[in-house]
Amino acid sequence: AQGSVKELLKQGRVLQVTVADPEAAATALKGLAWIASLSVEAGHLLVEVPPERAQDVSAALAQHGIFPSELRFREDSLESFFREVTETPGRGQGK
């Protein structure tokens, strides 16, 4: 990993979307080429997209009759980023 700490943290930007049914929202967004990944965590839809595409996420959901009550970018903490980049594959699983 190279670049300033701030740049490296921004690489992992994930849009947290609060909707009534995150599974339905994930299904509505599947297949959109500009979305890097989708997941549901703690009742929220997490969408990995460039920051400039946040409004497109909202618009795509609206086309399916899904209206988010909140959209916000989550930035990983420096501590979690450090763990991710320094973790040796296969280690740390049993902690």
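Residues numbered from 1 in each chain as written. Predicted model: local features only at pLDDT ≥ 70, side-chain atom pairs only at ≥ 80, totals over all residues. Heavy atoms only, no water.

1. Remarks on the pairing of strand 2 (residues 37-41)
In plain terms, the rule: Pairing between strands is defined by DSSP: at least two bridges between the two strands are required. In this description a helix means any DSSP run of H or I spanning at least four residues, a strand means any run of E spanning at least two, and both kinds are numbered starting from the N terminus.
As paired elements, strand 2 and strand 3 (residues 44-48) share five bridges and run antiparallel to each other. From the neighbouring strand, Leu38 faces strand 3, where its bridge partner is Val47.

2. Quick look at helix 3 (residues 54-63)
For the α-helix, the turn length of 3.6 residues means that residues three or four positions removed from each other point alike. Our working definition: Relative accessibility thresholds used throughout: buried, under 20% of the residue-type maximum; exposed, over 50%; partly exposed, between the two (1.4 Å probe, protein chains only). What the arc describes is the spread of directions from the helix axis to the C-beta atoms. The criterion used for residue contact is that any of the two residues' heavy atoms lie within 4.5 Å.
Of all the residues in helix 3, the buried ones are Ala54, Val57, Ala60 and Leu61. What you see down the axis of helix 3 is that its buried residues fit within an arc of 120°, all on one side. Across helix 3 from its buried face, at more than 90 degrees, point the exposed residues Gln55 and Gln63. The elements touched by buried residues of helix 3 are strand 1 (14-18), helix 2 (22-29), strand 3 and strand 4 (70-74). Once helix 3 ends, the next one or two residues include Gly65, with phi positive near 75°.

3. A few points about the side chain of Thr18
Keep this limit in mind: N or O atoms closer than or at 3.5 Å make up a polar contact, with two conditions inside protein: a donor-capable atom paired with an acceptor-capable one, and, for residues adjacent in sequence, both atoms drawn from side chains.
Residue placement: Thr18 occurs in strand 1. At 3.1 Å, the side chain of Thr18 and the side chain of His44 are in polar contact. When sequence neighbours within four positions are dropped, the list of residues in contact with Thr18 reads His44, Pro68, Ser69 and Glu70.

4. Some details on the pattern of salt bridges
Let me state the cut-off plainly: Note on definitions: salt bridges are taken to be side-chain nitrogens of Lys or Arg within 4 Å of carboxyl oxygens of Asp or Glu.
In this structure the tally under the stated criterion is three salt bridges. The residue Asp56 makes a salt bridge to Arg53 at a minimum N-O spacing of 2.5 Å. A relative accessible area of 25% means that Asp56 is categorised as partly exposed. A salt bridge links Glu70 to Arg72; its shortest N-O distance comes to 3.7 Å. The partly exposed category is assigned to Arg72, whose relative accessible area is 39%.

5. Here we look at helix 2
Within helix 2, burial applies to Pro22, Ala25, Ala26, Ala28 and Leu29. Looking straight down helix 2, one finds its buried side chains confined to an arc of 160°; they lie on one side. More than 90 degrees from the buried face of helix 2, the exposed residues found are Glu23 and Thr27. Among the structural elements, strand 2, strand 3 and helix 3 are those in contact with the buried residues of helix 2. Capping of helix 2 at its N-terminal end is provided by Asp21; its side-chain oxygen lies 3.2 Å from the backbone amide nitrogen of Glu23. Among the residues trailing helix 2, Gly31 stands out with phi positive, at a value near 90°.

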